[in-house]
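# Per-entry structural report
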Amino acid sequence: MSSKTLTSGAAAPNVERQHRQARKAPTKQLLGLAGILGFLLTWELIPRLGIIDPAYLPPASEVIAALLVDFGLTAFWVAVYETMKAWFLGLLMAVAAAVVLGFIIGSSNFLRKATNSTIEFLRPIPSVALIPLAVLMFGVKIESSLLLIVYACFWQVLIQVLYGVADVDMVANNTARTYGLGRMARIRYVVFPTALPYLMTGVRLAGSVALVLAITAELVIGSPGLGREIALAQSGGAISGMYALVLATGLIGVLINLMMRFIEKKTLAWHSSVRSEVLV
Amino acid sequence: MKTLKNLGYLLGLPLLLILIWWAATLESDNFFVPTPASLVETFAQVWLGERVFTDVLPSIGRLAAGVLAAIVIGVVGGVLIGSVRWLRALLEPTLEFFRAIPPPVLVPVLMLLMGITDTMKVVVIISGCVWPVLLNTIEGVRAVDPVLSDSTHTYGINGWARIRYLVLPSASPQIMAGVRQSMSLGLILMVISEMFASSSGLGFAIVQFQRSFSIPEMWSGIVVLGLLGVGMSFIFQWAERHILRWYHGQKEVENAA
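The shown structure was predicted, so the numbers you read here are calculated from the model rather than taken from an experiment.

Reading guide: rules and limits
Residues numbered from 1 in each chain as written. Chains lettered and ligands numbered in written order. Predicted model: local features only at pLDDT ≥ 70, side-chain atom pairs only at ≥ 80, totals over all residues. Helix = DSSP H or I, 4+ residues; strand = E, 2+ residues; numbered from the N terminus. Buried ≥ 20, exposed ≤ 12 C-beta atoms within 10 Å, placed from the backbone. Contact = placed C-beta atoms within 7 Å. pLDDT = per-residue confidence, 0-100. Axes fitted to C-alpha atoms, helices over the stretch in contact; angles between N-to-C directions. Parallel < 35°, antiparallel > 145°, perpendicular 65-115°, else oblique. Nonpolar A, V, L, I, M, F, W, Y, C, P; charged D, E, K, R; others polar. Left-handed = near helix turned anticlockwise from the far one by under 90°.

## A few points about the overall build of chain B
Looking only at helices and strands, one finds 11 helices and zero strands in chain B. Secondary structure elements in chain B, listed N-terminal to C-terminal, are α-α-α-α-α-α-α-α-α-α-α. Each of the three principal axes of chain B carries a C-alpha extent, and together these read 75 × 60 × 30 Å. Out of the 257 residues belonging to chain B, those deemed buried represent 37%. If you take every contact in chain B between residues at least 6 apart in sequence, the share linking residues at least 24 apart comes to 75%.

## Regarding the confidence of the model for chain A
All names here are of chain A. Put simply, chain A has an average pLDDT of 82, and 88% of its residues get 70 or more. Averaged pLDDT values for the elements of chain A fall to 39 in helix 1 (residues 2-8) and rise to 91 in helix 4 (residues 74-106). Note on residues 1-13: pLDDT is under 50 here. Beyond four places in sequence and across chains, it has eight contacts.

## Considering the packing of helix 2 (residues 36-47) of chain B against helix 10 (residues 215-243) of chain B
All names here are of chain B. Between helix 2 and helix 10, whose axes approach to 9 Å, the crossing angle comes to 75 degrees. Here helix 2 is positioned roughly perpendicular relative to helix 10, judged by the angle of their axes. Contacts between helix 2 and helix 10 involve Ser38, Leu39, Thr42, Phe43, Val46 and Trp47 on the former and, on the latter, Pro216, Glu217, Trp219, Ser220, Val223 and Val224. In terms of residue class, the contact of helix 2 with helix 10 is made up of eight nonpolar, three polar and one charged.

## With respect to the interface of chain B and chain A
The interface is formed by 44 residues belonging to chain B together with 43 residues belonging to chain A. Mapped onto the side of chain B that touches chain A, the elements with two or more residues apiece are helix 1 (2-27), helix 4 (85-100), helix 5 (106-114), helix 8 (159-196), helix 9 (202-211) and helix 10 of chain B. A breakdown of the residues in the side of chain B that touches chain A according to their chemical character gives 35 nonpolar, seven polar and two charged.

## Describing the packing of helix 4 of chain B against helix 6 (residues 118-142) of chain B
Relative placement of two packed helices is described by the angle separating their axes and the distance separating the axes. Residue and element names in this part refer to chain B. Helix 6 packs onto helix 4 with a crossing angle of 145 degrees between their chain directions and a minimal axis gap of 11 Å. Like other packed secondary-structure pairs, helix 4 and helix 6 cross with a definite hand, here left-handed. Contact with helix 4, carried on its side by Arg88, Leu95, Phe98 and Arg99, involves Trp131, Leu134, Leu135 and Ile138 of helix 6 and no other residues of that element. For the contact of helix 4 with helix 6, the residue count by class is six nonpolar, no polar and two charged.

Here it is, written out as structure tokens:
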């Protein structure tokens with residue numbers, strides 16, 4: 001919607017808008033910073049004033065100190081590595097499977113119709129329902145996390161790929177056919193570029209889902225990683241340590257979001273939705 | 001003939017899969033995988049009794065309470081934050097951080113703060129589900145068509161009427177996208193909070209079956225969760241069709257043009 005108003009506008013107002021934004025940007029960042037500081041201050045004051053017992057909610061300064069201590073520990077980085085390994089492998093397997101199946105199912109009308117009911121039934125099944133199965137089959141190993149992550153992310157990506165393949169412009173496809181492009185060439189040069197924006201959206205969503213399930217598996221099943229450390233810290237009474245680990249998972253989440261957006265921007269730099277964003 | 005064909009598409013693959021499952025379990029005596037017949041039998045035995053009242057309904061109640069509260073909080077907060085520019089700039093980075101925290105880690109935190117109670121489980125669901133709705137509402141409110149916005153100002157439509165007739169409808173596609181994420185997240189959080197800390201509910205029952213190696217019972221619990229997920233997705237699709245009817249119509253017109 002915004003792209004429409006932008007492209008129809010002349011170049012001059014755009015330049016002016018950029019200037020205005022450049023002036024406004026620092027204020028916005030300052031306000032954001034003030035928001036974070038305000039939040040930390042509130043957090044600091046609530047236990048200090050005794051509104052919530054500090055034994056249950058330690059003040060922010062204590063938690064941040066505990067987090068800084070964690071940053072110096074090998075055990076912390078090993079846990080981060082385990083979590084990220086499960087995240088990456090799970091995401092990779094899910095995306096690979098979903099892309100291959102999505103292209104196969106999406107390019108055939110018969111397969112699309114025949115699989116529709118099954119996909120719509122299997123997709124909403126929450127992957128946490130598989131936790132007991134994962135425990136029985138794999139125990140407290142990384143495979144447990146992988147089972148949950150792959151199941152949850154697979155549908156997320158598959159649906160997007162199916163939408164993307166369905167979105168192929170018939171004129172472009174027929175033109176390619178007229179010029180004698182074979183099946184593989186059409187998939188490579190017509191279908192794939194059309195589906196790529198959808199695919200990237202799916203991968204971005206799946207990236208945060210994968211983190212949620214990696215942590216969940218570690219928390220509930222006890223496979224190695226940050227989630228297990230949180231459960232251990234909680235049952236061991238290391239309260240500020242637990243809050244520090246929760247902060248760490250949040251930071252990892254933010255990093256994953258930023259990374260995914262960056263990758264999306266890079267791979268779709270040619271796409272009009274990204275190009276028009278540059279104008280803003 | 002056409003309905004028959006559609007029915008074939010609808011049921012063909014599921015029936016084929018069940019047939020394969022049946023054939024695969026016919027010979028083998030695998031401890032982990034029950035036969036379709038024994039699963040159906042166990043399902044009826046386990047879940048169609050008093051468990052409906054002791055485990056299933058309380059779980060569904062907590063889930064519904066949590067998701068509904070999250071939607072209300074998210075929409076009200078989102079409209080407020082989305083309409084006030086400095087508030088949005090102030091809160092956006094903090095909210096982004098909260099959204100990035102994987103919601104399951106809130107289970108131990110809230111367990112500590114509130115103890116193991118029903119309220120704690122509802123709060124876990126709310127605190128996980130509120131972010132997609134909140135952030136999507138903010139985005140939706142921010143993206144209100146400026147021409148429409150100016151028109152309402154010109155006509156002197158302000159306050160509640162402006163929110164009711166301009167802001168909420170134009171943000172509703174985004175709000176519904178957020179609600180959709182929230183609903184599946186809510187189901188996950190309900191199960192986790194019960195698996196982690198509970199003495200009743202679906203999640204607890206399934207973990208108990210698994211720990212006592214009652215494999216067909218455990219599978220039947222997985223089926224219950226699956227049915228719940230599918231049921232929620234149906235409710236959502238029905239609600240979306242009603243709430244966004246105008247939007248889908250508009251899209252069709254735009255696409256046809």
